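# Structural description and commentary
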Amino acid sequence: MISIIYALLLNFHVGSDPLNGARENQLMLDAVNQLRSQGCYCGRRYMPAVPPLHWNDTLYMSAMNHAIEMHDFDFFAHYSKDGKNIGERLDGFDYPWQFAGENLGEGQTSFPEVLSDWINSRSHCRMLMNPNMKEMAVARYKNIWVQHFGTKLPAGAKRKNVTEGN
């Protein structure tokens, strides 16, 4: 129920210019896909180029919901205040995931800054370069950044994995 309430509040947190939001989303997606197209080192391990991601609005709503909750309840974690992990939270948004993951950031003032921090963190970088992920979204609320990744479950298939960043 709380996820529905937070989802309804998103309109108050996102801003009044949907075109600006769409431009910002595209710029974030382009930056991540540029990295994925080139490959990079995540720590000492080279991660080869992987296919581009696509923006997903359900992942955005889930990411924004988690960012708002962390801010409003003053915590910072990969679990919700009621203990749900990324997969359980995506279930609450009816996202039929096969693979799911998230990156979190706190205190960065721009997407280039949080992306740089994620690239310089071995586990966050590996999530950015994870070849199992097909979709993503990034949400920012105040000083909290949440990036959600997912791949939808094919019809008739069973879930295989949950992968989480730090």
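Placed above this text is the structure.
First things first, this report covers the structure right here in the doc. (Residues numbered from 1 in each chain as written. Predicted model: local features only at pLDDT ≥ 70, side-chain atom pairs only at ≥ 80, totals over all residues. Heavy atoms only, no water.)

## Quick notes on the overall build of the protein chain
Note the cut-off: Under the scheme used here, helices are H or I runs from DSSP no shorter than 4 residues and strands are E runs no shorter than 2 residues, and both carry numbers assigned from the N terminus. By definition, residues are in contact when any of their heavy atoms lie within 4.5 Å. Exposure was quantified through the Shrake-Rupley algorithm and a 1.4 Å probe, taking into account, for residues, occlusion by the shown protein chains and nothing else.
Helices and strands together make up the secondary structure of the protein chain, namely 6 helices and 6 strands. Its helices and strands in sequence order give the protein chain the pattern α-α-β-β-β-α-α-β-α-α-β-β, from N to C terminus. Here the analysis covers contacts within the protein chain between residues at least 6 apart in sequence; of these, 71% occur between residues at least 24 apart. In the structure as shown, the protein chain presents an accessible area of about 8,700 Å², 53% of it carried by carbon and sulfur atoms.

## As for helix α3 (residues 57-72)
Put simply, the rule reads: Expected span, for any helix, means 1.5 Å times one less than how many residues it has. When accessible area is computed with a 1.4 Å probe and restricted to protein chains, residues below 20% of their type maximum are described as buried, those above 50% as exposed, and intermediate ones as partly exposed. As used in this structure description, the phrase polar contact means that two N or O atoms lie within 3.5 Å; if the pair is within protein, one of them must be able to donate a hydrogen and the other to accept it, and residues adjacent in sequence are counted only when both atoms belong to side chains.
A rise of 1.5 Å per residue sets the reference length of α3, with its 16 residues, at 22 Å; its end C-alpha atoms lie 22 Å apart and thus fit the reference within 8%. Of all the residues in α3, the buried ones are L59, Y60, S62, A63, M64, N65, H66, A67, I68, E69 and M70. Where α3 begins, the capping side chain belongs to N56, and its oxygen is found 2.8 Å from the backbone nitrogen of T58. Immediately beyond the C-terminal end of α3, within one or two residues, lies D74, with a positive phi of roughly 55°.

## Brief notes about helix α5 (residues 111-119)
Because an α-helix completes one turn every 3.6 residues, residues spaced three or four positions apart along the sequence face the same direction. Condition: The arc in question is formed by the directions pointing from the helix axis toward the C-beta atoms.
Every buried residue of α5 is listed here: F111, V114, L115 and W118. The arc that holds every buried residue of α5, seen down its axis, measures 100°, which confines them to one face.

## Some thoughts on the packing of aromatic side chains
Worth spelling out the cut-off: Note on aromatic contacts: the rings of Phe and Tyr and the six-membered ring of Trp form a pair at centre separations within 6.5 Å, being stacked when their planes are under 30 degrees apart, edge-to-face when over 60 apart, and tilted otherwise.
Applying the stated criterion to the full structure yields 4 aromatic pairs. Between Y41 and Y46 the ring centres are 5.2 Å apart and the planes differ by 65°, which places this aromatic pair in the edge-to-face class. Note on F111 and W145: the rings are 6.2 Å apart at their centroids and 50° apart in plane angle, and the pair reads as tilted. Of this pair, F111 sits in helix α5 while W145 sits in strand β6 (residues 144-152), and the two are 34 residues apart along the sequence. Across the pair, W145 and F111 agree in class, each one buried.

## Describing the sheet that holds β6
By definition, the strands of a sheet pair up through backbone hydrogen bonds, in either a parallel or an antiparallel sense. Counted only if it meets this: Whether two strands pair depends on DSSP finding at least two bridges between them. What counts as an axis is a line fitted to C-alpha atoms, over the stretch in contact for a helix, and the angles between N-to-C directions run from 0 to 180 degrees.
An order of β3-β5-β6-β4 is seen for the 4 strands of this open sheet, with the pairing classed as mixed. Edge positions in the sheet fall to β3 (54-55) and β4 (97-106), since each of these pairs with one other strand and no more. Pairing between strand β5 (residues 135-141) and β6: 7 bridges, direction antiparallel. Each residue of the ladder has a partner; that of A139, found in β6, is V146. With respect to the sheet, α3 is in contact with β3, β4, β5 and β6, its orientation differing from that of β5 by roughly 30°.

## A short note on the pattern of salt bridges
The following threshold applies: Take a side-chain nitrogen of Lys or Arg and a carboxyl oxygen of Asp or Glu: if they are within 4 Å of each other, that pair is a salt bridge.
Counted under the stated rule, the structure contains 1 salt bridge. The salt bridge partner of R89 is E102, with a shortest N-O separation of 2.9 Å. Here E102 lies in strand β4 and R89 lies in helix α4 (residues 86-92), a separation of 13 residues in the sequence. Residue R89 is classed as buried on the basis of its relative accessible area, which comes to 7%.

## Topic: the state of the cysteines
Here is the idea: a disulfide is a covalent bond, and it sits between the sulfur atoms of two cysteines. Let me state the cut-off plainly: Criterion for a disulfide: a pair of cysteine sulfur atoms at a distance within 2.5 Å.
For the coordinates displayed, the defined rule picks out 1 disulfide. Here C42 pairs with C125 through a disulfide, and the sulfurs are 2.1 Å apart. The sign of the -60° torsion about the S-S bond sets the C42-C125 disulfide as left-handed. Placement of the pair is C42 in strand β1 (residues 40-42) and C125 in helix α6 (residues 122-128), with a sequence separation of 83 residues. Per residue, the accessibility class of C42 equals that of C125, and both read buried. Free cysteine C40: the closest other cysteine sulfur is in C125, separated by 3.6 Å. Of the residues examined, C40 reaches a relative accessible area of 11% and is grouped as buried.

Function cannot be inferred from these measures alone, as they are strictly geometric.
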